[in-house]
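In case you want the letters, here they are:
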Amino acid sequence: MKSICVLGFCFCVLYTIATTRVLAADLRFTNLQCDAFHPEFAKFLKCRLKVVKRGVISLNIDVELYQVPVNNITVNLSLHKKSTTFRPFLYNETIDFCKFMASKKHGSLSKFFFNALKKQSNINHSCPYEDNIIVDNLILYEDTFRYFPLPQGEYMIQTKVAAYNDWKADVKTYFSLINSFGK
């Protein structure tokens, strides 16, 4: 009798685990804006989002550099959350990109940004940069924000890039984070 009760209890627990949907995060890009301030320095050849499959959107950027080599780069990263409009930054960080790429020791937003880009881009080396800057098929996954927790909502990551102490480009990447049940 005791073994039947234990077996029944185990079956109920397994059934509950099998039928319960786990809370998961749904991340997707929603918009992308690329602005080059000095067309004689660089030009965006590609700046678009591409639907890979249902519910999966990839980010694609291709920047052609005209004045190479570039060995003095400053990057300003800021994270904004949308309320009625995009609120001032939640995080804002300015880094010397050449020093960061040489040591990779810097603040949390720049590490997050680099870790998200390193496999899908050609910026994974130190200065100087002499070729096109390419980000190819970058997709946001649930574990993208595992060390950078964010509440549900709409966000914008603004990336301003300067070379030789002059702002050259601005990229605004919009994405949504939705907590939904089961996948």
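Scroll up a little and you will see the structure.
Owing to the predicted nature of the structure, the values given are computational and were not obtained by experimental measurement. (Residues numbered from 1 in each chain as written. Predicted model: local features only at pLDDT ≥ 70, side-chain atom pairs only at ≥ 80, totals over all residues. Heavy atoms only, no water.)

## Some words on empty space enclosed by the protein
Next, step 1: Going through the model one piece at a time under the given rule, you end up with 1 cavity of 30 Å³ or more.
Next, step 2: Together, 36 residues line the largest cavity, and Phe113, Ile133, Thr159, Val161 and Val171 are the ones closest to its centre.
Next, step 3: Elements represented by at least two residues in the lining of the largest cavity include exactly β1 (23-36), β2 (42-53), β3 (56-65), β4 (73-81), α3 (108-117), β6 (133-139), β7 (153-163) and β8 (166-181).
Next, step 4: Each residue belonging to the lining of the largest cavity can be placed in one class, and the counts come to 32 nonpolar, 3 polar and 1 charged. (1 Å grid on protein atoms, 1.4 Å probe; cavity = no way out; pocket = protein on both sides within 12 Å on 5 of 7 lines; lining within 4 Å. Points joined across faces, edges and corners; volume = space filled by probe spheres on them. Helix = DSSP H or I, 4+ residues; strand = E, 2+ residues; numbered from the N terminus. Nonpolar A, V, L, I, M, F, W, Y, C, P; charged D, E, K, R; others polar.)

## Here's the deal with unusual backbone geometry
Next, step 1: A cis amide bond links valine 68 with the next residue in sequence, proline 69, at an omega value of 0°.
Next, step 2: Omega for the bond connecting cysteine 127 with proline 128 falls within 30 degrees of zero, at 5°, which places this linkage in the cis form.
Next, step 3: With respect to the secondary-structure elements, proline 128 resides in the loop between α3 and β6.
Next, step 4: One non-glycine residue, tyrosine 164, lies in the positive phi region at around 55°.

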